[in-house]
Every structure is written in C-alpha cells, then in structure tokens.
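Structural overview for review
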Amino acid sequence: MRTPVSSFRSLVQPGRLVRVAGAHTALGGRLAQEAGFDAVWSSSLEVSASRVLPDASVLTMTEYLEAAANMQKALGVPVVADCDSGYGNNANAQHMVHEYEAAGITAISVEDKKFPKMNSFADRGDSLVSTEEFCRKLTTAKDAQTSSDFFVIARTEALINGLPVTEALSRAHAYAGAGADAILIHSKESTNRQVLAFLEKWEGRLPVVVVPTTYPDWQADHMAAAGVSVVIYANHGLRATITSLRHTYSSILTNGDTTRLEEELAPVRDVFALQELPAWQALD
Ligand code: SPV
Ligand code: MG
C-alpha cells in the first residue's frame, strides 16, 4: 500500500509551478493530495493551532517533526516541513536536519528569524538575525544532510520586518551563496507588489517560493509567468476546518438533530475509503 515518495527536489523544475497545500494531519495532507496538490506543507501555524497553541516556538522540534512525519507516512507526495527558525542555534539546526532526513522528509524551510519566533502575521518586527548568522545556520544545515536530494528552502522575513525589497534581495543572494536550494520570499502586504519587485530583480538565481496568504487574487498562471517556482497555500485547510466545524457543531445544537447536516457531511463509507479499510480487512 505504501509507495516510495519522490523527493521534493524532483518536482522543482524550470517552467513548472509546484503547488503545495498546508496541513497539520495525515488526513488533511491526504485530502490535499487527493485534490491534486504536488506536495504538502507541514505548517507551523496549522500544527500549533491544532494544539490550540500559538505559532511562537511553544511546541518543540520533536512535536513538529512528529506531525510532519505522520503526514509523510500517509502520503504519496512529499512533505515540505516548516522548520521555523531552526529550533535554536546551529547545533539545533544540525540536529534538526539529521532528524527530519531520518524521518523521510525531503524538504524543509528555515527562516531568518530569532528563536523563539513569532508567526509572520503577528510579528512585531525586530525579529531578524543578521545575514551572516543565518548564512552560518544554512551552511550548517546543508553540511548536515546525508542525501544530495535533501532540499533546504531559505526563507527571508525581511519584508515582514518592514525592510525594503533591496534588503530581501541582498539577504537572498547571501543565502544562495551559503548553499540554499530555494528562496522563500514572504510578504504581509495586501498585494503581491513587493514579491513581484523581488522577482523582477532576482533573475532566477534559485527557485522562488511564495506564500500568497494576504494577496489571494494572485492567479497560479500569473505566478508562473512572473517566475515563481513553488506556491504554498499555507493555512487554507486549517481555516476551512475551523469554518466547517463551527457550522457543524452549532447546527447540531440549534436544530436538535442532524437530518439537515447529513447531506453536507462526508458519509462514513468515505471515511472508510480514506482509511483504505478494504485492504486492511483483506489482511485477515
Ligand atoms: C506557516 O504556515 O506556518 C507559515 C506561513 O510559516 S505563515 O503563517 O504565513 O507564517
Ligand atoms: Mg510557519
């Protein structure tokens, strides 16, 4: 039933937009895969929210790793693990790469923020480490991998910190020099203006990853035309779950029965199908 998963690196090819969906459970990841997503983002926001905790380095590396590994075990597409700022200093970053790689994860993202980190949309600024410090962390991470396939995305939070596109570009070039396999450029503006300005000047030195949470109108074909290699829809699954569960639970209490809900809900046989129950039953 389980098939070897191709590496994330094998998906990233010139002229192709790799589409990645955020998830926090194996089931969420499986539904993203079923919908046709190329890969699944083990989102720190989603994983922490699933524990009703803030996305602020409150959970430990082990807990984030367990969530990512549980997803990867259930999926035929690669997981891209959101590894925050690397869970500490360079020693933590080295250990992180050893552990994630050993768990079968083929791609991670590390961001140039201090540890502990705060979610980008709640960040109050002044959260960056120096370019030099982050380059050392990237070099440490790249030196720690054992397979040449392991893919390290360097994420800059320069724009999130209110710094100009020129600073994001200078950091991205330094991170490329330190061995990063791709650059994630994150912005919290309500349009893609800053990210487009970055792409124009970047000239394709490494693949670029975007997270269009606050500029939802950026259409996939237009991203590809602008030179984006990977798009992460980081938290849409989590937000859809919140909306759906709120509606479901309140409807039960308001109506006193579930008749009206039934036609909206996935039937139990659908749950069994997702569990691949017939194949399990055939074992005994
Ligand atoms: C996440 O999904 O945890 C991310 C993206 O890192 S963001 O929430 O925008 O920081
Ligand atoms: Mg995150």
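As the structure is a computational prediction, the values presented were derived from the model and not from experiment.

1. A look at the coordination of the magnesium ion (ligand 2)
Of the protein atoms, only Ser44 (OG) and Asp82 (OD) coordinate the magnesium ion (ligand 2), at distances of 2.0 to 2.1 Å. You can see serine 44 sitting in helix α3 (residues 44–50) and its partner aspartate 82 sitting in strand β3 (residues 79–82), a full 38 residues away along the chain.

2. Observations concerning the pattern of salt bridges
A full pass over the atoms with the stated rule returns 17 salt bridges. With a closest N to O distance of 4.0 Å, arginine 9 and aspartate 149 form a salt bridge. One end of the pair, arginine 9, is in helix α1 (residues 8–11); the other, aspartate 149, is in the loop between α6 (131–144) and β5 (151–156), and 140 residues separate them in sequence. For arginine 51, the salt bridge identified is with glutamate 63, shortest N-O distance 3.1 Å.

3. Remarks on the pairing of β3
A two-sided burial pattern is seen for β3, the buried positions comprising Val79 and Ala81 on one face and Val80 and Asp82 on the other. Sheet analysis places strand β2 (residues 39–42) next to β3, joined by 3 bridges and oriented parallel. Counted as the bridge partner of serine 42 is alanine 81 from β3. As defined by bridge partners, β3 adjoins strand β4 (residues 107–111) across 3 bridges and the pair is classed as parallel.

4. Notes on the domain arrangement of the chain
How large an interface is tends to be reported as the accessible area lost when its parts come together. Annotation of the chain at the domain level lists domain 1 (12–234) and domain 2 (238–284). Inter-centroid distance (C-alpha atoms) of domain 1 to domain 2 is 31 Å. Counting residues at the interface gives 9 residues for domain 1 and 4 residues for domain 2. Around 500 Å² of area is buried between domain 1 and domain 2 when both sides are counted, 66% of it from carbon and sulfur atoms. Interface area lost by domain 1 to domain 2 is led by His24, Arg30 and Glu46, which between them contribute 56%. One can count 1 salt bridge joining domain 1 with domain 2. Taken together, the links from domain 1 to domain 2 amount to 2 residue pairs in polar contact (both at pLDDT 80 or more). Considering every element that reaches the side of domain 1 that touches domain 2, the biggest residue donor is helix α2 (residues 26–35), with 4 residues. Among the residues making up the side of domain 1 that touches domain 2, the classes are represented as 4 nonpolar, 2 polar and 3 charged.

About the cut-offs
- Residues numbered from 1 in each chain as written.
- Chains lettered and ligands numbered in written order.
- Predicted model: local features only at pLDDT ≥ 70, side-chain atom pairs only at ≥ 80, totals over all residues.
- Heavy atoms only, no water.
- Donors = N, O, S within 2.8 Å, 3.2 Å for Na, K, Ca; no water.
- Helix = DSSP H or I, 4+ residues; strand = E, 2+ residues; numbered from the N terminus.
- Salt bridge = Lys/Arg side-chain N within 4 Å of Asp/Glu carboxyl O.
- Buried < 20%, exposed > 50% of the residue type's maximum accessible area, 1.4 Å probe, protein only.
- Pairing = 2+ DSSP bridges.
- Domains from an automatic or database assignment.
- Contact = heavy atoms within 4.5 Å.
- Buried area = accessible area lost by both parts, 1.4 Å probe.
- Polar contact = N/O pair within 3.5 Å; in protein donor to acceptor, adjacent residues only side chain to side chain.
- Nonpolar A, V, L, I, M, F, W, Y, C, P; charged D, E, K, R; others polar.

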